[in-house]
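One-letter residues, chain by chain:
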Amino acid sequence: MTTTPDPVAAVRAWEYVIVGAGSAGAVTAARLAARDSGNVLLLEAGCDQPRPRDRAHPLADASRLVLAGYNWDYRANLRTSGRLEDLLARGRAGGPGAAGAAGTGAGGGRAAARALWERFPYQLGKVVGGGSAVNGAIALRGLPRDFAAWEAHGNPDWSWERVLPFYKDIENDADFPGHLHGDSGPLPIRRTPREKVHELDAAFWEECNRQGVADLPDLNSGEEAGVGPIPGNSVDGERVDAATAFLADSRGLPNLRLRTGARVTRVLFEKNRAVGVEAELDGRLTTIRARHVVLSAGAVGTPVVLQRSGVGDAGLLRALGIAPVVDLPGVGRNLVDHPSVVIWSRPADGVCTPGLPWRQVAARMSSGYDGEVDVQVGLLNNVESHTVPGFVDRLGWPLVVGISVMLMRPRSRGRVFLDSADPHAAPVIELGLGTDAEDVERLCHGVRRAWSFLRSPGLASRLTRTQFWSDRTIASEGVVRSGVRHIMNPGWHAAGSCRMGPGTDPWAVADQEGRVHGTENLRIADASLFPAIPSAPTNLTTLMLAEKLARSMKE
Ligand SMILES: Cc1cc2nc3c(=O)[nH]c(=O)nc-3n(C[C@H](O)[C@H](O)[C@H](O)COP(=O)(O)OP(=O)(O)OC[C@H]3O[C@@H](n4cnc5c(N)ncnc54)[C@H](O)[C@@H]3O)c2cc1C
């Protein structure tokens, strides 16, 4: 039987192959293709979005997250196990089979009855638009101090002054046109006016003011404490994801090809020069040649593709039987996400309605651990309880309201790695939340602060019951600490697993233009590059990063 080769494999060599059509991949592909810079192939493991897109379609509905249907079915260990160390020991001892089976370390081998924290649903986006197509459409920038940290990691091109023009280039901020904001970029940014916020959000806002948290009408400027409307990339309740904002207008370009159902298994090298990728196209293994390969597979996908290609910790690669191309121990390390604690309550009848906005107001403030502005607090409103992972629904509450405390700059770090060379093996994701004791202490203080908001008359009168927490549990330091450790969850803001920095940094994977150390013609452009997680959800910063990197690729 003869089979016709897939058209994308029949091209002799693409100028650029971009792996992953998520937030960063959509921007990178659109920007590269808009310049007449040769042919660009964008490969996405997931499916395309329906076009035209119905307003009621889950990918369009910004009132809720999309956690099924357009997602990777990953499970994350919220802590760490000894599994990676087992593999590294095996690699040092001489390769596959040299030591016991992987997964025998602390916490690694207990297959049965694993607690939620060991297999937390970590449903990153698997669709054109990636995370931006399934997320909460919160469009908060990082703070100037975050980029001081990026600079301190040896990336002088990423100071606040140097990133601000790129935030502005991507934004169309209708509320604050002016020198600090863009008003003609592809991404619409809107806030709910105070008089239109939901009664629960209004009560939260008032209580913030009463407790001395000042109004901050524009949370995308400055870095001081304050409360205000959340900037969002949705218009009239419709999510405007990266595919809609950046890719839609480029789809017709003759030099851009989007191929969905294309899961890249590895980068192909001649010595250390990337010459293409191997991908499963609708399940069929295919070789695609390219002069430049850009990995935009996200903070889980990118390190895993690198490891499978022989770029990573040589000890790990040897343990898996993968021939090392470049020994880069930082690949998959420094994984970080924002830990949050959510206190769930049942609203009084008639207060909440499914389909109404779920995030409208946020406050950044000090938890009280020290003077630092270290937590973001806000309500998760109008939430249907079946959409909350791990919600103990014995209580039978169909609708819930959460007050969420998110740690803005966690110190804890996790890792993502392969424990098998099988191209279909799922990555091991260990988020390491709370491995740094200070993170736990800050969250404990933040939870007490959130409790004081919840007990205010404006909120308490609209809520009937609260899950787990009470005045008594909050008064006990031990209970709060143990509660925080057990309830803390990630924000699906995976970042940092291939951090950028100079070659002198042993944990850096790419330079500040995204070029993978020790290789040629191979770049990264996605949230895995973040040297430190921004103090806010990560999408807007990922889009800004891709905009800036695409500019440098074009020069
Ligand atoms: C449920 C959820 C809620 C969130 N809420 C918010 C929010 O409200 N605000 C905010 O700012 N941020 C939010 N985030 C985070 C934000 O969306 C991400 O930080 C951002 O999308 C990361 O962009 P990226 O380009 O690095 O990766 P992604 O957008 O994840 O893109 C990676 C793409 O690569 C594809 N891919 C992966 N591996 C392969 C492979 N081997 N071959 C081919 N394709 C591959 C994936 O399918 C995906 O489409 C949320 C994320 C999730 C998942």
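What counts as what
Residues numbered from 1 in each chain as written. Predicted model: local features only at pLDDT ≥ 70, side-chain atom pairs only at ≥ 80, totals over all residues. Heavy atoms only, no water. UniProt positions renumbered as here; feature names shortened; annotations may be inferred. Helix = DSSP H or I, 4+ residues; strand = E, 2+ residues; numbered from the N terminus. Rg over C-alpha atoms; globule rule 2.2 N^0.38 Å. Buried < 20%, exposed > 50% of the residue type's maximum accessible area, 1.4 Å probe, protein only. Areas by Shrake-Rupley, 256 points an atom, 1.4 Å probe, with all protein chains shown as cover. Core = buried A, V, L, I, M, F, W, Y, C linked by side-chain atoms within 4.5 Å. Contact = heavy atoms within 4.5 Å. 1 Å grid on protein atoms, 1.4 Å probe; cavity = no way out; pocket = protein on both sides within 12 Å on 5 of 7 lines; lining within 4 Å. Points joined across faces, edges and corners; volume = space filled by probe spheres on them. Nonpolar A, V, L, I, M, F, W, Y, C, P; charged D, E, K, R; others polar. Near = heavy atom within 4 Å. Polar contact = N/O pair within 3.5 Å; in protein donor to acceptor, adjacent residues only side chain to side chain. Domains from an automatic or database assignment. Pairing = 2+ DSSP bridges. Buried area = accessible area lost by both parts, 1.4 Å probe. Salt bridge = Lys/Arg side-chain N within 4 Å of Asp/Glu carboxyl O. Axes fitted to C-alpha atoms, helices over the stretch in contact; angles between N-to-C directions.

Per an unreviewed UniProt entry, the protein goes by Dehydrogenase and derives from Streptomyces echinoruber. A UniProt comment under Cofactor (unreviewed entry) is attached to the protein, and it reads "FAD". Of the protein, the UniProt comment under Sequence similarities (unreviewed entry) reads exactly: "Belongs to the GMC oxidoreductase family."

1. Quick word on the overall build of the protein
If you tally the helices and strands in the protein, you get 15 helices and 23 strands. Relative to a compact globule of 555 residues, whose C-alpha radius of gyration would be 24 Å, the protein shows 23 Å and is just as compact. Here the protein holds 555 residues, and 59% of them are scored as buried. Accessible surface computed for the protein: about 20900 Å², of which carbon and sulfur atoms make up 51%.

2. Some words on the nonpolar core
Counting residues in hydrophobic clusters, the biggest one holds 79 residues, and the most contacted among them are Val17, Ile288, Val293, Leu295, Leu306, Leu522 and Ile524. In contact with leucine 306, not counting residues within four places along its chain, are Leu295, Val311, Val331, Cys498, Val509, Leu522 and Ile524. Formed by 65 residues, the second largest nonpolar core is a distinct cluster that contains Ile343, Val377, Leu454 and Met488.

3. As for empty space enclosed by the protein
If you walk through the whole model with that rule in mind, you get 4 cavities of 30 Å³ or more. Approximately 90 Å³ is the volume attributed to the largest cavity. As for the largest cavity, its lining consists of Leu140, Arg141, Leu143, Leu219, Ala362, Ala363, Arg364, Gln376, Met408, Ser535 and Ala536. Ranked by residues supplied to the lining of the largest cavity, first place goes to strand β17 (residues 361–365) with 3 residues. In terms of residue class, the lining of the largest cavity is built from 7 nonpolar, 2 polar and 2 charged. When its volume is computed, the second largest cavity comes out at roughly 60 Å³. For the lining of the second largest cavity, the residue count by class is 6 nonpolar, 2 polar and 3 charged.

4. Regarding the site of the ligand
Taken together, 39 residues sit near the ligand, with Ser23, Glu44, Gly131, Thr538 and Asn539 positioned nearest. Between the ligand and the protein, one listed contact pairs an oxygen atom with a backbone N or O atom of glycine 131 at 2.8 Å. The side chain of asparagine 135 places a nitrogen or oxygen atom 3.1 Å from an oxygen atom of the ligand. Considering the ligand on its own, with 1000 Å² of exposed area, one finds that the protein chains cover 95% of that surface. Elements represented by at least two residues in the shell around the ligand include exactly α2 (23–34), α4 (131–134), β11 (262–270), α9 (298–308) and α15 (539–554). Counted by class, the shell around the ligand contains 19 nonpolar, 16 polar and 4 charged residues.

5. As for the UniProt feature "domain: Glucose-methanol-choline oxidoreductase N-terminal" (unreviewed entry) in the protein
The positions that UniProt labels "domain: Glucose-methanol-choline oxidoreductase N-terminal" (unreviewed entry) are, in the present scheme, residues 125–148 and 298–312. What you have in residues 125–148 is 38% helix and 0% strand, and the ends, taken at the C-alpha atoms, are 29 Å apart. The annotated region residues 298–312 carries 73% helix and 13% strand content, and the separation between its end C-alpha atoms amounts to 16 Å.

6. Overview of the layout of surface pockets
In this structure, the second largest pocket encloses a volume near 510 Å³. For the second largest pocket, the lining is made up of 25 residues, of which Thr192, Ser234, Gly237, Pro357 and Arg359 are closest to its centre. When the residues that make up the lining of the second largest pocket are grouped by side-chain class, the tally is 10 nonpolar, 8 polar and 7 charged. Residues lining the lining of the second largest pocket come from more than one domain, with at least three contributed by each of domain 1 (13–62 + 124–140 + 240–335 + 495–532 + 542–554) and domain 2 (192–229 + 340–409 + 434–487).

7. Some thoughts on the pairing of strand β19 (residues 399–407)
Strand residues, when the strand is regular, have side chains that alternate between the two faces of the sheet. Among the 9 residues in β19, 9 count as buried, and that is most of the element. Burial of the side chains of β19 extends over both faces: Leu399, Val401, Ile403, Val405 and Leu407 are buried on one face and Val400, Gly402, Ser404 and Met406 on the other. Across 6 bridges, the pairing between strand β16 (residues 340–347) and β19 is antiparallel. Bridging from a neighbouring strand, isoleucine 343 pairs with isoleucine 403 of β19. In this sheet, β19 lies alongside strand β18 (residues 375–384) in antiparallel orientation, the contact comprising 8 bridges. Within β19, the residue paired with glycine 378 across the bridge is serine 404.

8. Quick look at the domain arrangement of the protein
For the protein, the domain assignment lists domain 1 (13–62 + 124–140 + 240–335 + 495–532 + 542–554) and domain 2 (192–229 + 340–409 + 434–487). Taken over C-alpha atoms, the centre of domain 1 sits 34 Å from the centre of domain 2. Both sides of the domain 1 and domain 2 interface together cover about 420 Å² of buried area, and 57% of this is carbon and sulfur. Looking at the side of domain 1 facing domain 2, the largest losses of area belong to Gly136, Ile138 and Leu140, adding up to 76% of the total buried there. Taken together, the connections running from domain 1 to domain 2 amount to 0 salt bridges. Viewed at the interface, domain 2 and domain 1 are joined by 1 residue pair in polar contact (both at pLDDT 80 or more). Grouping the amino acids of the side of domain 1 that touches domain 2 by side-chain chemistry returns 4 nonpolar, 1 polar and no charged.

9. Some remarks on the UniProt feature "binding site: FAD" (unreviewed entry) in the protein
Following the UniProt record, the feature "binding site: FAD" (unreviewed entry) maps to Val127, Val264, Trp492 and His493 here. According to the relative accessible area criterion, valine 264 is buried, its value standing at 5%. When residues no more than four places from it in sequence are discounted, the contact partners of valine 264 are Val19, Leu43, Val277, Glu278, Ala279, Val305 and Arg308. Topologically, tryptophan 492 is positioned in the loop between α14 (477–487) and β23 (522–524). According to the relative accessible area criterion, tryptophan 492 is partly exposed, its value standing at 24%. Polar side-chain contacts of tryptophan 492 include one of 3.3 Å to the backbone oxygen of proline 121.

10. Quick word on the sheet that holds strand β3 (residues 74–77)
The mixed open sheet is built from 4 strands, whose spatial order is β4-β3-β21-β20. Strand pairing shows two members of the sheet lacking a second neighbour, β4 (120–122) and β20 (415–417), which therefore form its edges. With strand direction ignored, the average angle separating the axes of adjacent strands in the sheet is 35°. Sheet analysis places β3 next to β4, joined by 3 bridges and oriented antiparallel. The residue bridging arginine 75 from the neighbouring strand is proline 121, located in β4. Relative to β20, helix α3 (residues 83–92) is tilted by about 50°, and along the sheet it contacts β20 and β21 (428–430). In this fold α9 packs onto β3, β4, β20 and β21, with an angle of close to 45° to the strand it touches most, β20.

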